[in-house]
Amino acid sequence: MKTKRIVIKVGTSTLTHESGKLNLERIEQLVRVISNIKNMGHEVILVSSGAIGVGAGKVGLKEKPDSVRMKQALAAIGQASLVSIYDKIFKEYGYSTGQVLLTKFILDEETRYNSARRAFDAMISFGVVPIVNENDVISTYEIEFGDNDTLSATVAELVRADLLIILSDIDGFYDSDPRKDKNAKIIPVVSEISEEIMSCAGAEGSSRGTGGMKTKLRAAKFVNDNGIDMVLLNGNVPEKIYRVLEGENIGTLFKHKEK
Ligand code: GLU
């Protein structure tokens with residue numbers, strides 16, 4: 001199997017229970033799969049949401065608040081726990097982690113962009129798993145990434161990944177909203193993100209997550225335009241990632257055009 005540089009994005013709904021508290025078993029499974037993929041020789045960068053969700057759980061809120069100021073505070077409160085849990089579990093499998101908090105500013109300036117790229121390369125050369133989130137405390141949601149689907153696509157391009165895997169609470173990309181239409185079918189391969197494809201995406205995310213299908217399609221378009229494939233997969237069984245790497249068509253593959 002060719003060594004691949006893979007960015008894996010995991011959303012809040014995959015990492016937490018409905019109570020808002022962390023789904024520790026899911027996180028364990030995800031970390032074990034990532035560690036095992038690294039043992040196979042692949043390089044993995046993890047983009048993890050969940051800071052605001054975990055922060056809300058820590059202070060006893062059932063749902064994410066609307067106010068930006070509150071979200072920022074909860075992100076800070078949650079991020080510390082999130083990363084320390086990842087770090088503890090990765091350590092059990094022999095890997096260290098590095099926390100990377102990014103903002104959209106890295107895209108505005110070549111110096112920042114290149115310095116982030118070099119830092120990622122150095123971490124990867126140490127065999128460390130970079131764990132990325134948005135630096136929510138200094139982000140204002142109108143001008144920043146706001147959702148980690150977009151962030152993960154940017155990171156995939158930044159590190160020149162071969163593949164972006166987005167783990168969500170949905171099995172793949174459907175031709176209509178499966179929550180409303182029971183005849184909705186998964187589209188296994190999308191090779192062009194046309195207007196028609198865009199119109200299949202509903203706007204809503206889940207109550208704990210942020211992005212809906214639109215942000216995932218935009219992420220797919222961005223990485224595909226940059227020569228990177230993207231797979232959208234249900235994160236409820238992280239072992240499915242092995243099947244993706246074996247070339248099995250599960251979830252939806254958004255395939256870049258060969259030039
Ligand atoms: N950065 C936010 C968090 O960690 C998540 C954004 C998203 O859900 O995509 O909670």
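Residues numbered from 1 in each chain as written. Predicted model: local features only at pLDDT ≥ 70, side-chain atom pairs only at ≥ 80, totals over all residues. Heavy atoms only, no water.

- With an unreviewed UniProt entry as reference, the protein is termed Glutamate 5-kinase, source organism Monoglobus pectinilyticus.
- Under the Function (unreviewed entry) heading, UniProt states for the protein: "Catalyzes the transfer of a phosphate group to glutamate to form L-glutamate 5-phosphate." (UniProt positions renumbered as here; feature names shortened; annotations may be inferred.)

1. A closer look at the overall build of the protein
Moving on, step 1. Looking only at helices and strands, one finds 10 helices and eight strands in the protein.
Moving on, step 2. Radius of gyration (C-alpha) of the protein: 17 Å, near the 18 Å computed for a compact globule of 259 residues.
Moving on, step 3. With the principal axes as the frame, the protein shows a C-alpha extent of 40 × 40 × 40 Å.
Moving on, step 4. Every one of the 259 residues in the protein was classed for burial, and the buried ones make up 54%. (Helix = DSSP H or I, 4+ residues; strand = E, 2+ residues; numbered from the N terminus. Rg over C-alpha atoms; globule rule 2.2 N^0.38 Å. Buried < 20%, exposed > 50% of the residue type's maximum accessible area, 1.4 Å probe, protein only.)

2. So, the packing of aromatic side chains
Moving on, step 1. Scanning the model with the defined rule gives two aromatic pairs in all.
Moving on, step 2. Measuring from ring centre to ring centre gives 6.5 Å for Tyr86 and Phe90, while their planes differ by 35 degrees; the resulting arrangement is tilted. With Tyr86 and Phe90 both in helix α4 (residues 68-92) and four residues apart, this pair spans about one turn of that helix.
Moving on, step 3. Judged by relative accessible area, which is 0%, Phe90 ranks as buried.
Moving on, step 4. Judged by centre distance (6.1 Å) and plane angle (50 degrees), the rings of Phe173 and Phe254 are tilted. Pair noted here: Phe173 is in the loop between β5 (163-168) and β6 (189-190) and Phe254 is in strand β8 (residues 252-254), with a separation of 81 residues, a long-range link. Note on accessibility: Phe173 and Phe254 belong to one class, buried. (Phe/Tyr/Trp six-rings, centres within 6.5 Å; stacked < 30°, edge-to-face > 60°.)

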